[in-house]
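# Overview (structure and organization)
So you can see what is in the structure, the chains are spelled out below.
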Amino acid sequence: MPDAQRKTDPARDEKDQQLERYRTDSSGPLTTETGVRVEDTDNSLKAGERGPTILEDFHLREKITHFDHERIPERVVHARGSGAYGYFQPYESMSRYTCADFLSDPSQRTPVFVRFSTVAGFRGSADTVRDVRGFATKFYTRHGNFDLVGNNIPVFFIQDGIKFPDFVHAVKPEPHNEIPQAQSAHDNLWDFVGLQPETTHMMMWVMSDRALPRSYRMMQGFGVHTFRFVNADGVGTFVKFHWKPKLGTHSLVWDETQKIAGKDPDYNRRDLWEAIEKGDYPEFELGVQIVPESDEFAFDFDLLDATKIIPEERVPVTPIGKMVLNRNPDNFFAETEQVAFCTGNIVPGIDFTNDPLLQARNFSYLDTQLIRLGGPNFQQIPVNRPLAEVSNNQRDGYNQRRVHRGRTNYFPNSLGGGCPYISDDTEGLFRHYQERVDGHKIRKRSDSFQDHYSQATLFYNSLADWEREHMIAAFQFELNKCDEKSVRERVVANLNNVDHEMAVRIAKGIGVTPPEREVKPNHGASSPALSQANTAMDTISTRKIALLAADGVDAKGVTALREAMAAKGATVEVLAPTEGTVTTSDGGTLEVDHAINTMASVLYDAVVVPGGVEGAAALAADGLAKFYVIEAFKHAKPIAAMGAGVDVIARLPLPELRLAGGGDGIVTDQGVVTHRNGDDREFHETFASLLARHRVWDRDVASVPA
Ligand code: HDD
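Residues numbered from 1 in each chain as written. Predicted model: local features only at pLDDT ≥ 70, side-chain atom pairs only at ≥ 80, totals over all residues. Heavy atoms only, no water.

### Considerations on the overall build of the protein
Defined as follows: Working definition: helices are DSSP H or I runs of at least four residues, strands are E runs of at least two. Numbering for both runs from the N terminus. Only C-alpha atoms enter the radius of gyration, while the globule expectation follows 2.2 Å times N to the 0.38, with N the number of residues. Partly exposed describes any residue whose relative accessible area lies between the buried limit of under 20% and the exposed limit of over 50%, with all areas from a 1.4 Å probe on protein chains only and scaled to the type maximum. Contacts are assigned to residue pairs with any non-hydrogen atoms lying within 4.5 Å of each other. Note on areas: Shrake-Rupley with a 1.4 Å probe; residue coverage comes only from the protein chains shown. Positive charges come from Lys and Arg, negative ones from Asp and Glu, while His and the chain ends are left out of the count. By convention, the point assigned to a charge is CZ for Arg, NZ for Lys, CD for Glu and CG for Asp.
The secondary structure content of the protein amounts to 18 helices and 19 strands. Its C-alpha radius of gyration of 28 Å places the protein within 12% of the 27 Å reference for a compact globule of 706 residues. Seen along its three principal axes, the alpha-carbon backbone of the protein occupies a region of about 95 × 80 × 55 Å. For the protein, the proportion of its 706 residues judged to be buried stands at 53%. Taking as baseline every contact in the protein between residues at least 6 positions apart, the subset at least 24 positions apart corresponds to 73%. In the structure as shown, the protein presents an accessible area of about 32,600 Å², 50% of it carried by carbon and sulfur atoms. Distance from the positive charge centre (78 side chains) to the negative charge centre (100 side chains) of the protein: 2 Å.

Okay, here's the thing in structure tokens:
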């Protein structure tokens, strides 16, 4: 998008101003890194026009050397990601629970940088794979950086960080042939899963639609661990962090994700970038579940166990503030690649618990940045720099950018005026929460961590029918990709602990003998908050609608639909056989947004077939156009047809549908809304309400080819 069209928030926050000091624009004559102007950068220095290149060519050597060193190690997990800046603003002071400055004043905006990611794939892998999504937020608070390094799923695969290398080795491509890329559907992962029952709850989430988000702007985020708020009196309270997207939590369907991975591997990255460029700033509400310390043992699971949620019906999520992402980075490498999140980055008012997963993470993140970013000075990289003042006696090291003056670099000192000193001022002072700890050194998992199934069952029970169907199909898909029968059998035996009927169905779909007996009856409890069927469905803002057009299209209906959708924040894009324009039935022209073969229905939320006899006839004869509609139907997307466009639908190989005839008004059947006169407010409203519900799940799609 040209710079002139870029909408950016005019308010330049402190982080933006700080970054301004480091921004550079290409200008002036071309020079070496030492500032020497060069006369030619296309030809190396040679002994004669056809002679050998000579070592003396400092420009060649510098240019090639720099290029050779352009890459840094990709993140060992979460290598593929995308980031944005924005701000966080609390709704009211949380000082009753925490002295965290950024949560104390509703008029204060704290700059943030957020990076969303997939876990297993390499840096260049596709966005829409089945995977957990990372949701890492760096708050540049006045009292230092706070990193909330979460995921879009509220639980984790393992309970103790010492298992992390095993889990990651198992899910990553297999070591002998480095296959498959960014896929959990392979023997090694499921071998590990079957042998490690603590993964069960998380695997249920990963097999659910949560692992296929429609957009980074439409997924939840979770801090996962139980953290601690600490107030000014030193009183601690347990807390779980939740991010809820304003646009609701919505997902793609599996077949669609696989196709998008080829059509647009940058699907989620592009979506985030374009939304921010257009001024459709993604918004998330931060909420907390608050548990007084006196209730530490009030639950039938351990608050320190990261494979467990606290059901929202038991402890509600209190909204405490909102985050708005309003600025794209200037440079992917400098900012999104070099951003370094560390769970150990906390600020006064927030503290850890003894969750053994969190404790290991606190070591791992700092350690990984040392290798990834080449030494201990990575906090000096512009995107990582805190806004709070930094002053200590840490010195030297690779990539030291500070020029420390003075002769002292130790504490205490008198020769440097005693600086930096330990102050009595309690404002912004970090004090560790004084938790009493008493125990034997022991390598043992607590008995309170041993129930791996009750919450997996709770999740299963909470899903809508369509969500369960998707999950069962996902288990079957993944396990069918496993060659080893013993691996499939072990996973089924384990799932039998979650729900017998579910395990039987999965077994039947993967060539494994179904378990004969129920291990224990399903407890029947559910938590409605866990189902995506209960998410926000009141907006079509930023949704993308494909409108198929050919010469002879009815302009009036198109314009009316476009205006109606734009008024609700959605975008209608015109797709036609070629770029340029199409001729409308009244002799005018209609701008084409994309040639139909450069896009696909999977890149849109809905498909529209407009009126106009000639245009509709052309679409009816165009295999690509017809496939848009059939595929959209298969993926449960709303479809609209107007005027002669209804006849295009009528001739497609779809299940029997009631469509609008000559004398009918609006007819809606299985999410297909048709009307002989498209220029109608009620028609637009019907279509928009289908779109707001995201998908039409009660549609018969099994027999539809796509
Ligand atoms: Fe992790 C990256 C989230 C467990 C070790 N993790 C990483 C990122 C996210 C998470 C979002 C990407 C940050 C970015 O965008 O730069 N990780 C989680 C969550 C976990 C979790 C929600 C469980 C609750 N992670 C976890 C464990 C360990 C790690 C148990 C190791 C003991 N994670 C890492 C890492 C990474 C990382 C190796 C790779 C790149 C990085 O840190 O900066 O240190």
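Now that the structure is up, let's keep going.
### So, unusual backbone geometry
Trans peptide bonds make up most of the peptide bonds, and negative phi angles are found at most residues other than glycine. Here the residue pair Ile179 and Pro180 is connected by a cis peptide bond, since its omega of 0° sits within 30 degrees of zero. Along the chain, the position of Pro180 falls in the loop between helix H3 (164–171) and helix H4 (187–195). Each neighbour pair has its own omega, and for Phe411 with Pro412 the value is 0°, a cis peptide bond. One can find Pro412 in the loop between helix H9 (356–372) and helix H10 (454–462). Non-glycine residue Asp396 carries a positive phi angle of around 65°.

### Re the nonpolar core
Counted only if it meets this: To define a nonpolar core, start from buried Ala, Val, Leu, Ile, Met, Phe, Trp, Tyr and Cys residues and group those joined through side-chain atoms within 4.5 Å. Either an automatic procedure or a domain database provided the assignment from which the domain bounds are taken.
Trp190 and Met204 are the most contacted members of the largest nonpolar core, which has 53 residues in total. Of all the secondary-structure elements, those providing two or more residues to this core are H3, H4, helix H5 (200–206), H10, helix H11 (465–480), helix H12 (485–495) and helix H13 (500–508). Both of domain 2 (81–174 + 209–380) and domain 3 (461–534) provide at least three residues apiece to this core. Among the nonpolar cores identified, the runner-up in size contains 35 residues, and Tyr628, Val648, Ile649 and Leu657 belong to it.

### A closer look at the site of the ligand
Spelled out, the test is: Residues are classed as near a molecule or strand on a simple rule: at least one heavy atom within 4 Å of it. Pairs of N or O atoms are called polar contacts if they sit within 3.5 Å, as long as, within protein, a hydrogen donor faces a hydrogen acceptor (for residues adjacent in sequence, only side-chain-to-side-chain pairs). Amino acids outside the nonpolar list (Ala, Val, Leu, Ile, Met, Phe, Trp, Tyr, Cys, Pro) and the charged list (Asp, Glu, Lys, Arg) are all regarded as polar, and Gly is one of them.
Around the ligand sit 23 residues in total, of which Arg75, Arg115, Arg361, Tyr365 and Gln369 are the nearest. One of the side-chain N or O atoms of Arg115 is found 2.6 Å from an oxygen atom in the ligand. Going through the elements one at a time, strand E3 (133–141), strand E4 (144–151) and H9 are the ones with two or more residues in the shell around the ligand. Among the elements that make up the shell around the ligand, the one with the highest residue count is H9 (seven residues). Split into classes, the residues belonging to the shell around the ligand amount to eleven nonpolar, nine polar and three charged.

### Digging into the environment of Arg270
Mapping Arg270 onto the fold places it in helix H7 (residues 267–278). Sequence separation of Arg270 and Ser82 is 188 residues, and the distance between their C-alpha atoms is 9.1 Å.

### Description of the coordination of the iron atom of the ligand
Selection rule: Ligating atoms shown are N, O and S within 2.8 Å of the metal, or 3.2 Å for Na, K and Ca, and water is not included, meaning a site may look less than complete.
Just one protein atom donates to the iron atom of the ligand; it is Tyr365 (OH), sitting 1.8 Å from the metal. Residue placement: Tyr365 occurs in helix H9.

### Some points on the environment of Leu479
As for its position among the elements, Leu479 is in helix H11. Leaving out residues up to four positions away in the same chain, Leu479 has contacts with Trp190, Arg488, Val491, Ile506 and Ile510.

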